[in-house]
Amino acid sequence: MSARIKIFDTTLRDGEQTPGVSLNIQEKLEIARQLARLGVDVIEAGFAISSPGDFMAVKTVAENVKGPVIASLSRAVEKDIDRAWEALQNAENPRIHTFIATSDIHMKYKLKMTEEQVLERAVAMVKYAKKYCSDVEFSAEDASRTRTEFLYRILEEVIKAGATVVNIPDTVGYAMPDEFGKLIRGIKENVRGIEKADISVHCHNDLGLAVANSLAAVMNGATQVECTINGMGERAGNASMEEIIMGIQTRKDFYGEMVHNIDTRQIYRSSKLVSKLTGVNLQPHKAIVGKNAFAHESGIHQHGVLAERSTYEIMTPESIGLSQNRIVLGKLSGRHAFEERLKEMGYNLSQEEITKAFEKFKELADKKKTVTDRDIEALAGEKVSAVEEVYKLDSFQINSGNKVIATATVSMFRNGEHLTEAATGDGPINAAFKAIERSVGFEVHLEDYSLKGVTEGADALGEATVRVMKDNRIYVGRGVSTDVIEASVKAYINAINRVIHDHGKESSGGRETI
Ligand code: KIV
Ligand code: ZN
């Protein structure tokens, strides 16, 4: 009989706890919609009580995303559960996810509670959550460092109280695959009533073993895996969804016929979207979704792949939705061909968005001989991070060199008004950013700036990402152009527009995390 593995995605909760990442509600909704297309079983949309922004994000996702179960995290306290339910109540399939730490070290130093007190609280809070919702998940935080007999006992009791899922987190990424697999097997064999609940695992990557531990758990009876896109998360991150799924998929000979609901062809788009909206670039050699994951550099490998793909490729790029970097369009291509290509690549843009993307495509095709899928992706991707363009770049001029002070003049439009400011700085980018700030009349703190080539070659499209801080909130801006300074200036203006867009609105910045 084939096992059914459920995917619980926590990109919007644990993933958003990645240092320096803060998504606004619109961005969370965009990611949640993509997760639904990807086919995840559960979306943990946030930790409702942690901030008004998180509450609104859970509520918005609950009310707008149909298909997957929508979960909110809550500590094992009544007010957290009340708030989680308030946010979830209109979901098609709501789940309250409540947790309490069960390891000696957490109970003694963090909770200052005994085993008996923790057990009593866990049972009471599962019962409390059940009054609202039939689907209740209980997590024994730091389960992998919990005294095994106590873990069995608390799981047995919460299942009796009505928990439909029991989650075994390796909260600090301490477990080894063999050991973690045995822990799951032990739970399956020793916890009375365990057949009434899904066994879930939630592994962190502190020792680089989150995926290995999750897969070991699946081999030993876990039926739900908690993970994030691109392995985003607290510290070294969480188990990466794409690695788990492609592991199970590619090694059917080893894992057997495991049934899951993921449309693997949506993996690449999901990864790109999360990376774009969070501003966290992937290492090029990241498994499955890194820029080099399907690149063959050595001559011997290239020769092998040309002769027979399977010599050096254990899965195809198409299986994750990565179309070959075909040269698709040129200067003379029409809107129809462009639109068709967008559709083939899985983009669902409105006519207005297509018109904007097509204008950008024409500009690019004027500068670049050939436009590839990667370029189109970068142009279409600008749409996902779209906010109202309060400030729009008109022109800029830079004077810089190794023996002169860099000077920048930047002209922008604001509601038809033309604004021009000049500034000097430590280098051309810094000078341009300062000139922009002069025009907008407020300052932001630049936390991070990166620039990468979308494709190879001297005429490659450059993609700049900036992460700025304003009033304790992080804003990510992106810009693409064949000119790296223009890409950077656009990214900075995009971040400024985001600050303006969010001003006065709640985002999840400054929230309490666990
Ligand atoms: O890492 C952890 O233990 C968690 C739980 C709250 C599930 O994130
Ligand atoms: Zn976690």
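Note on numbering: residues in each chain are counted from 1, in written sequence order. All chains are assigned letters beginning with A, and all ligands numbers beginning with 1, in the order in which they are written. Per-residue local features are limited, in this predicted model, to residues with pLDDT of at least 70; the limit for side-chain atom pairs, both in listing and counting, is 80 or more; totals at the level of whole chains, interfaces and linings are taken over all residues. For side-chain calculations, the full set of non-hydrogen atoms in the structure is used, while hydrogens and water are omitted.

### Considering helix H6 (residues 148–161)
Then, in step 1: We count a stretch as a helix when DSSP gives it H or I for four or more residues in a row; a strand needs E for two or more, and each element gets its number in order from the N terminus. To estimate the expected span of a helix, count its residues, drop one, and scale the result by 1.5 Å. Compared with the 20 Å implied by 1.5 Å per residue over 14 residues, the 20 Å span of H6 between its first and last C-alpha is a close match.
Then, in step 2: Taken together, the buried positions of H6 are occupied by Phe150, Leu151, Tyr152, Ile154, Leu155, Glu156, Val158, Ile159 and Ala161.
Then, in step 3: Any pair of residues with heavy atoms lying within 4.5 Å of one another is described as a contacting pair. Among the structural elements, helix H4 (104–111), helix H5 (115–132), strand E5 (136–141), strand E6 (165–170) and helix H7 (177–190) are those in contact with the buried residues of H6.
Then, in step 4: Positive backbone phi, at 120 degrees, marks Gly162, one or two positions downstream of H6. Buried, partly exposed and exposed residues are distinguished by accessible area as a fraction of the type maximum, computed with a 1.4 Å probe on protein chains only: under 20%, between the cut-offs, and over 50%, respectively.

### A word on the domain arrangement of the protein chain
Then, in step 1: As used throughout, domain bounds are those supplied by an automatic or database domain assignment. We note that the domain assignment places domain 1 (2–278), domain 2 (295–364) and domain 3 (391–512) within the protein chain.
Then, in step 2: Summarising the inter-unit geometry, the C-alpha centres of domain 1 and domain 2 are found 34 Å apart.
Then, in step 3: Around 770 Å² of area is buried between domain 1 and domain 2 when both sides are counted, 60% of it from carbon and sulfur atoms.
Then, in step 4: For any pair of parts, buried area is found by adding up, for both, the accessible area (1.4 Å probe) each one loses once the two are put together. Interface area lost by domain 1 to domain 2 is led by Met246, Tyr268 and Arg269, which between them contribute 60%.
Then, in step 5: The term salt bridge refers to a side-chain nitrogen of Lys or Arg lying within 4 Å of a carboxyl oxygen of Asp or Glu. Summed over the shared surface of domain 1 and domain 2, the result is zero salt bridges.
Then, in step 6: Definition of a polar contact: a pair of N or O atoms within 3.5 Å, with one able to donate and the other able to accept a hydrogen when the atoms are protein atoms, and with sequence-neighbouring residues admitted only if both atoms are side-chain atoms. For the pair domain 1 and domain 2, the interface holds three residue pairs in polar contact (both at pLDDT 80 or more).
Then, in step 7: Among the elements of the structure, helix H9 (241–250) and helix H11 (267–278) are those that each provide at least two residues to the side of domain 1 that touches domain 2.
Then, in step 8: The leading source of residues in the side of domain 1 that touches domain 2 is H11, at three residues.
Then, in step 9: Classification used: nonpolar for Ala, Val, Leu, Ile, Met, Phe, Trp, Tyr, Cys and Pro, charged for Asp, Glu, Lys and Arg, polar for all others including Gly. For the side of domain 1 that touches domain 2, the class distribution of residues is three nonpolar, three polar and two charged.

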